[in-house]
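Next come the chains, spelled out residue by residue.
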Amino acid sequence: SILGVFLTVFTLLLDFMMRRKNWSHYPPGPVSLPFIGTMLYIDFRNPHLSFNKLRKKFGNIFHLQNCWTNVVVLNGYKTVKEALVQRSEDCADRPYFPAYEHLGYGNKSEGIVVARYGHIWKEQRKFTLSTLRNFGMGKKSLEERVAEEAGFLCSAINSEKGRPFDLRFLVNNAVCNVICTTVFGDRFNYGDEAFKKLLQLFENSLNEEAGFLPQLLNAVPILLRIPGVPQKAFRGQKAFMDFIDVLIDKHKETWNPAYTRDFTDAFLKEMEKGKAAEENGFNYNNLRLVTADLFAAGSDTTSTTLRWGILYMLLHPEVQSKVQAEIDKVIGRERSPTMKDQVSMPYTNAVIHEVQRFGDIVPIGLPHRTYRDTMLQGFLIPKGTTLITNLSSVLKDETVWEKPNQFYPEHFLDANGQFVKPEAFLPFSAGRRVCLGEQLARMELFIFFTTLLQKFTFVLPEDQPRPRQDGRFALIKSPHPYLVQAVPR
Ligand code: HEM
């Protein structure tokens, strides 16, 4: 029994040492229990709500302890801005996710979304941004592709013939096709079996990622050594990556270095450049990872925002009518909307921004990690601390927004009805890690949303309950399923 007491004291001490941090000037936080830390304080299905409660007690910056990981949560516009903008480089790293090694994401900087801050991430980000910007490469521009897809989406909605239906599948198809076009140069027809499979695998993999097991494995990586556990935990993601591999391989068969069709071609061309390119991360594995990142970060985000948009139109028919009146005035019913129309459509633009603000679809952003010791709000945050940016608390910051908890497009209009964008509008985050697809997402939201409302009026079917506004959280906050009727205009 003495051995027992000794072992208990020893393990408690070890646990304490593992969690040791620079105690002075460290942000306050709830009491941390041995081994599990503060995990009991967090409702993992609604973390932003747990953070809001803790914020009331501890202020805009507080610490948590996720087993042995030190976590600091940042709340409200001022605190989040200080970290992301003023201390941009100090806060630009990402936590290391041991579980990702099992997907081929190594400890090094690979892919973009979870890549560690450093040379390879910078090069990959720069390359991806400029390739997206120069998309088209002599063929149709990205905007034309988005407009074309919006047309396909409207035809598919038309074939529902005004019956109640769930928008989710069609909108997902459309948005996913924009990424397919960008990455692989082509789209799928909505009924295509391979496309259905891709979407299904993709959905499984996202659900899996947000599940409890992968999070536990990241917090306690030793569990990854148990035979069979990683395979079980990441079955969906592996299947998705295998599918991406097939698409890339097919693509390689038809590759012609003289003619760049899309992102994959541009990447393959870079890979040909030899050693320097290899050092910048242009290798086959990274092509898979960056491609998977574009799907993961670029599809569900945009389609979920659009589904919130239509849901708010059901709940606020007067807003829908005003948007349609502006569409009729500026664009008319015949021609398709273009990005040039945006400046002449302050109300529609304000509505889209309000959809993003109120929908608040990435409530706790993506985790960051301090790249070096830094000061935030007068507290010392040691290098290697995980930072959580509570973007929800920024988009609903009571010191900034007139009616933070209501859908109110006037947040983005001045007294003359002109569009204005408050600085606290940060649905894409900010600083070095700001969403890479922001421009594309804005374009998609504007073109899809205006095309849909130009062609249809969305109404709540008579027998349906009023859609809920609270949403479900799994990294992204999406609406509960709802049915809608699309009445042609
Ligand atoms: C990162 C939001 C669409 C690609 C992020 C982050 C947010 C975000 C909050 C985390 C930034 C941070 O770590 O501080 C959104 C929203 C979208 C959207 C609300 C749509 C409405 C897209 C699209 C693409 C994309 C269309 C791709 C084409 C990425 C990538 C990152 C990222 C690659 C990681 C950036 C990095 O770590 O350097 N996005 N996003 N996103 N997003 Fe988006």
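What you see is a predicted model, and the numbers here were worked out from it, not measured in a lab.

Draft legend 1. The arrangement of the nonpolar core in detail. One finds I157, L167, F295, V351, F448 and F458 to be the most contacted residues of the largest nonpolar core, which totals 112 residues. For this core, the element with the highest residue contribution is helix α6 (residues 168-184), accounting for 10 residues. Sequence-distant contacts of I157, that is, excluding residues within four places in its chain, are made with F165, L167, L170, L452, F456 and A486.

Draft legend 2. Looking closely at the state of the cysteines. Tallied over the full model, the rule gives zero disulfides. This cysteine, C176, is not joined by any disulfide, and C180 carries the nearest cysteine sulfur, 4.8 Å off. Accessibility expressed as a relative area gives 1% for C176, which makes it buried.

Draft legend 3. View of the coordination of the iron atom of the ligand. Counting protein donors to the iron atom of the ligand gives just one, C435 (SG), placed at 2.2 Å. Looking at the element boundaries, C435 is found in the loop between α17 (391-395) and α18 (438-455).

Draft legend 4. Representation of the sheet that holds strand β2 (residues 69-75). Ordered by their spatial adjacency, four strands build an open sheet running β1-β2-β6-β3, and the pairing between neighbours is mixed. A strand with exactly one partner marks an edge of an open sheet, and here the two such strands are β1 (61-66) and β3 (368-369). Examined bridge by bridge, β1 and β2 share six bridges and lie antiparallel to one another. If you follow I61 over to β2, its bridge partner there is L74. Taken strand by strand, helix α2 (residues 47-58) contacts β1, β2 and β6 (386-390), and its axis lies near 125 degrees from that of β1. Docked against the sheet, helix α3 (residues 76-86) engages β1, β2, β3 and β6, running at close to 125 degrees with respect to β2.

Draft legend 5. Inspection of the site of the ligand at higher detail. Neighbouring the ligand are 26 residues; R125, H368, S429, R433 and C435 lie closest to it. The contact in question runs from an oxygen atom of the ligand to an N or O atom on the side chain of H368, over 2.7 Å. Put simply, the parts of the chain that give the shell around the ligand at least two residues each are α4 (119-133), α13 (284-298), α14 (300-315) and α18. Of the residues in the shell around the ligand, the class split is 14 nonpolar, eight polar and four charged.

Draft legend 6. Quick peek at the confidence of the model for the protein chain. Here the protein chain averages 90 in pLDDT, and 95% of its residues register 70 or above. Across the assembled chains, the prediction reports ipTM 0.99 with pTM 0.93.

Draft legend 7. Geometry of the pattern of salt bridges. Tallying each qualifying case throughout the model produces 24 salt bridges. A salt bridge links R489 to D328, with the nearest nitrogen and oxygen atoms 2.8 Å apart. With R489 in the segment after β10 (485-488) and D328 in helix α15 (residues 317-330), this residue pair connects regions lying 161 residues apart in the sequence. For D328, a relative accessible area of 27% translates into the label partly exposed. Bridged by salt links that share partners, the residues E89, D90, R372 and R432 form one connected network.

Draft legend 8. View of helix α16 (residues 346-359). With 14 residues, α16 should cover 20 Å at 1.5 Å per step; its first-to-last C-alpha distance of 19 Å lies within 8% of that length. Immediately beyond the C-terminal end of α16, within one or two residues, lies D360, with a positive phi of roughly 55 degrees.

Draft legend 9. Inspection of the pairing of β2 at higher detail. Summarising burial for β2: six of the seven residues are buried, a large majority. Following β1, the chain reverses through two residues before pairing antiparallel with β2; C67 in that reversal takes a positive phi of roughly 55 degrees. Here β2 runs beside β6; their pairing, made up of five bridges, is parallel. Its bridge partner being in β6, L74 is matched across the sheet by T389.

Draft legend 10. View of unusual backbone geometry. One non-glycine residue with positive phi stands out, namely D360, at about 55 degrees. Look at Q377: it is not a glycine, yet its phi comes out positive at around 50 degrees. Within the fold, Q377 resides in the loop between β4 (374-376) and β5 (379-381). A relative accessible area of 37% places Q377 in the partly exposed class.

Draft legend 11. Region of interest: the packing of aromatic side chains. Here the structure, examined in full by the defined rule, presents 19 aromatic pairs. When the centroid spacing of 4.8 Å and the interplanar angle of 80 degrees are considered together, the rings of Y117 and Y371 count as edge-to-face. In this pair, Y117 is assigned in the loop between α3 and α4 and Y371 in the loop between β3 and β4, connecting sequence segments 254 residues apart. A relative accessible area of 30% places Y371 in the partly exposed class. Consider the rings of F127 and F267, whose centres lie 5.7 Å apart with planes at 80 degrees: the pair is edge-to-face. With F127 in helix α4 and F267 in helix α11 (residues 263-271), this residue pair connects regions lying 140 residues apart in the sequence.

Calculation notes
- Residues numbered from 1 in each chain as written.
- Predicted model: local features only at pLDDT ≥ 70, side-chain atom pairs only at ≥ 80, totals over all residues.
- Heavy atoms only, no water.
- Core = buried A, V, L, I, M, F, W, Y, C linked by side-chain atoms within 4.5 Å.
- Buried < 20%, exposed > 50% of the residue type's maximum accessible area, 1.4 Å probe, protein only.
- Helix = DSSP H or I, 4+ residues; strand = E, 2+ residues; numbered from the N terminus.
- Contact = heavy atoms within 4.5 Å.
- Disulfide = S-S within 2.5 Å.
- Donors = N, O, S within 2.8 Å, 3.2 Å for Na, K, Ca; no water.
- Pairing = 2+ DSSP bridges.
- Axes fitted to C-alpha atoms, helices over the stretch in contact; angles between N-to-C directions.
- Near = heavy atom within 4 Å.
- Polar contact = N/O pair within 3.5 Å; in protein donor to acceptor, adjacent residues only side chain to side chain.
- Nonpolar A, V, L, I, M, F, W, Y, C, P; charged D, E, K, R; others polar.
- pLDDT = per-residue confidence, 0-100.
- Salt bridge = Lys/Arg side-chain N within 4 Å of Asp/Glu carboxyl O.
- Expected span 1.5 Å × (residues − 1).
- Phe/Tyr/Trp six-rings, centres within 6.5 Å; stacked < 30°, edge-to-face > 60°.

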